[in-house]
Amino acid sequence: MASSFQAKDYKSDQYVRWCPGCGDHALLNCLHKAMAELGIKPHMTAVISGIGCSSRLPYYMNTYGFHTIHGRGAAVATGVKTAKPELSVWLATGDGDCLAIGGNHFIHAVRRNIDINILLLNNKIYGLTKGQFSPTSDRGFVSKSSPYGTVEDPFCPSELAMGARGNFFARCIDVDLANTTNILVEAAKHKGASVVEILQNCVIFNDAIHSNIVDKAWRAERTIMLKHGEKMLFGMNNEKGLVMDGWQLKSVTIGQEGYTIDDILVHDAKSADNTLHLKLGLMSPENGLPLALGVIRDVAAPTYDGEFMAQMKEVQGKNPVRTLRDYLMTKDVWEVK
């Protein structure tokens with residue numbers, strides 16, 4: 001049954017205060033469309049955020065919203081979902097907000113498998129504080145806080161999420177609105193913590209940081225859109241694919257070196273074993289493989305909020321309902337003289 005809602009039903013009347021050309025605009029547009037497709041009522045939706053450019057997103061939603069403090073969005077979103085499990089809860093966060101000061105809250109939200117949708121906008125820079133390197137900035141990256149280049153390796157969000165025992169991870173790019181919208185819908189349908197990394201451009205402090213991947217001139221050759229149950233094909237004419245070469249993934253051209261379409265791997269996002277999902281998440285043109293887009297991992301597992309509510313009902317069923325006075329007058333009291 002088609003939803004009776006439209007994208008405009010989820011838009012607020014606030015002026016969108018992002019720089020012209022910022023990738024956040026695209027994500028906001030896709031989120032409005034995804035929510036309309038899902039058909040969850042605006043008053044049954046809550047959008048939480050931390051601090052950063054992307055964390056202004058709740059202001060532009062005609063839903064419940066909470067602009068919290070730096071790095072604590074995941075903790076607040078966890079509290080909202082636990083207290084009001086009937087709500088559809090979304091977390092808007094950036095690579096600095098989520099993976100630096102908020103890293104601990106992020107990994108535990110993923111580990112607990114709380115049923116929230118984490119939108120991780122990754123532009124590899126601190127934009128709101130004017131251009132310092134972030135936890136996802138590449139080694140050697142020159143910024144205001146690393147004028148001679150960084151001397152550290154970055155986090156890979158897919159590796160971090162799966163290392164935290166995550167059951168849903170997807171990746172998309174800000175310039176591909178159709179696939180981004182579809183991925184957001186799939187994330188919302190997943191029961192549990194869903195992490196969607198959005199490769200997003202900062203036109204002011206890190207312009208074209210993802211151009212080696214997203215530019216139309218070579219996007220088809222350097223990215224692969226994964227779909228559950230389908231062959232892992234890419235290239236301008238889907239003439240290339242992924243195979244296993246020993247323990248490693250390998251990119252091959254169909255019809256060359258004896259490889260046929262039958263040799264190409266079929267994507268299984270539902271596999272409980274995350275070994276191949278992790279390998280897919282770590283692919284990049286730098287290691288001779290296409291960057292994986294789409295839903296990489298989507299595995300069913302018990303959710304924190306579901307288990308918590310079930311436990312509460314079980315405990316309440318075993319104990320009679322008591323007033324506060326009844327509780328205070330139990331034997332578990334002491335007197336101070």
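So, a few notes on the structure that sits alongside this text.

Cut-offs applied
Residues numbered from 1 in each chain as written. Predicted model: local features only at pLDDT ≥ 70, side-chain atom pairs only at ≥ 80, totals over all residues. Heavy atoms only, no water. Helix = DSSP H or I, 4+ residues; strand = E, 2+ residues; numbered from the N terminus. Rg over C-alpha atoms; globule rule 2.2 N^0.38 Å. Buried < 20%, exposed > 50% of the residue type's maximum accessible area, 1.4 Å probe, protein only. Contact = heavy atoms within 4.5 Å. Areas by Shrake-Rupley, 256 points an atom, 1.4 Å probe, with all protein chains shown as cover. Lys, Arg positive; Asp, Glu negative; His and termini not counted. Charge placed at Lys NZ, Arg CZ, Asp CG, Glu CD. Core = buried A, V, L, I, M, F, W, Y, C linked by side-chain atoms within 4.5 Å. Phe/Tyr/Trp six-rings, centres within 6.5 Å; stacked < 30°, edge-to-face > 60°. Pairing = 2+ DSSP bridges. Axes fitted to C-alpha atoms, helices over the stretch in contact; angles between N-to-C directions. Parallel < 35°, antiparallel > 145°, perpendicular 65-115°, else oblique. Left-handed = near helix turned anticlockwise from the far one by under 90°. Nonpolar A, V, L, I, M, F, W, Y, C, P; charged D, E, K, R; others polar. Expected span 1.5 Å × (residues − 1).

Description of the overall build of the protein chain
Looking only at helices and strands, the protein chain features 11 helices and 11 strands. For the protein chain, the C-alpha radius of gyration of 22 Å lies close to 20 Å, the compact-globule estimate for 337 residues. Based on the C-alpha atoms only, the size of the protein chain along its principal axes is roughly 85 × 50 × 45 Å. Taking all 337 residues of the protein chain together, the buried fraction comes to 46%. Look at the contacts in the protein chain between residues 6 or more apart in sequence, and 66% of them connect residues 24 or more apart. With an accessible surface of roughly 17,400 Å², the protein chain has 55% of that area assigned to carbon and sulfur atoms. Charge separation in the protein chain, taken as the distance between the mean sites of 35 positive and 35 negative side-chain charges, equals 7 Å.

Some remarks on the nonpolar core
Ranked by internal contacts, the top residues of the largest apolar core, which has 34 residues, are Phe106, Ile224, Leu242, Leu280 and Met283. In this structure Leu242 touches Ile224, Met232, Phe234, Lys250, Ser251, Asp263, Ile264, Leu265, Leu280, Met283, Leu289 and Pro290, once residues within four positions along its chain are discounted. Ranked by size, the runner-up nonpolar core spans 29 residues in total, among them Cys30, Met35, Met61 and Leu121.

A few points about the packing of aromatic side chains
A complete count under the given rule lists three aromatic pairs for this structure. Between Phe5 and Tyr10, the ring centres sit 5.8 Å apart and the planes meet at 55°, which makes this aromatic pair tilted. With a relative accessible area of 0%, Tyr10 lands in the buried category. For the pair Trp18 and Tyr60, a centre-to-centre distance of 5.0 Å together with 80° between the ring planes defines the contact as edge-to-face. Highlighted residues: Trp18 in the segment before α1 (23-38) and Tyr60 in the loop between β1 (45-49) and β2 (64-67), separated in sequence by 42 residues. Across this residue pair, the class does not change: Trp18 and Tyr60 are buried.

Here's the deal with the sheet that holds strand β6 (residues 194-199)
Read from one edge to the other, the open sheet built from eight strands follows the order β2-β1-β3-β4-β6-β5-β11-β7, with strand pairing classed as mixed. Edge positions in the open sheet fall to β2 and β7 (223-226), since each of these has one partner strand only. Taking the axes of each pair of neighbouring strands and ignoring which way they run, one obtains an average angle of 20° across the sheet. Of the pairings in the sheet, the one linking strand β5 (residues 168-173) to strand β11 (residues 291-298) comprises four bridges and is antiparallel in character. By the bridge assignment for β11, Phe168 is matched with Asp298. Most of the contacts of α1 go to strand β4 (residues 117-122), to which it runs at about 160°, and overall it touches β1, β3 (88-94), β4 and β6.

Some thoughts on the packing of α1 against helix α6 (residues 177-189)
At a minimum axis separation of 8 Å, α1 and α6 run at an interaxial angle of 50°. With respect to each other, α1 and α6 are oriented oblique. When you trace α1 past α6, the crossing you get is right-handed. Facing α1, whose interface residues are Ala26, Leu27, Asn29, Cys30, Leu31, Lys33, Ala34, Glu37 and Leu38, α6 presents Leu177, Thr180, Thr181, Leu184, Val185, Ala188 and Lys189. In the contact of α1 with α6, the residues fall into 10 nonpolar, three polar and three charged.

Some points on the pairing of β4
For β4, the tally of buried residues reaches six of six residues, placing the bulk of the element in the interior. Residue alternation in β4 divides its side chains into two sets, Asn117, Leu119 and Leu121 and Ile118, Leu120 and Asn122, and both sets are buried. Here five bridges tie β3 to β4, and the two strands are oriented parallel to one another. Considered in β4, the bridge of Trp90 is made with Asn117. Bridging between β4 and β6 involves six bridges; their strand directions are parallel. The residue of β6 that forms the bridge with Asn117 is Ser194.

Some words on α1
Over its 16 residues, α1 runs 23 Å from end to end, which matches the ideal 22 Å to within 8%, given 1.5 Å per residue. Along α1, the residues classified as buried are Gly23, Asp24, Ala26, Leu27, Leu28, Cys30, Leu31, His32, Ala34, Met35 and Ala36. Those residues of α1 that are buried are in contact with β1, β3, β4, α6 and β6. Note on α1: the residue one or two positions beyond its end, Gly39, has a positive phi of about 75°.

Quick word on unusual backbone geometry
Even without being glycine, Lys124 reaches a positive phi, approximately 60°. Inspection of the secondary structure assignment puts Lys124 in the loop between β4 and α5 (157-163). On the accessibility criterion, Lys124 (18% relative accessible area) is buried. Of note in this structure, Arg165 is not a glycine but carries a positive phi near 70°. With respect to the helices and strands, the residue Arg165 is situated in the loop between α5 and β5.

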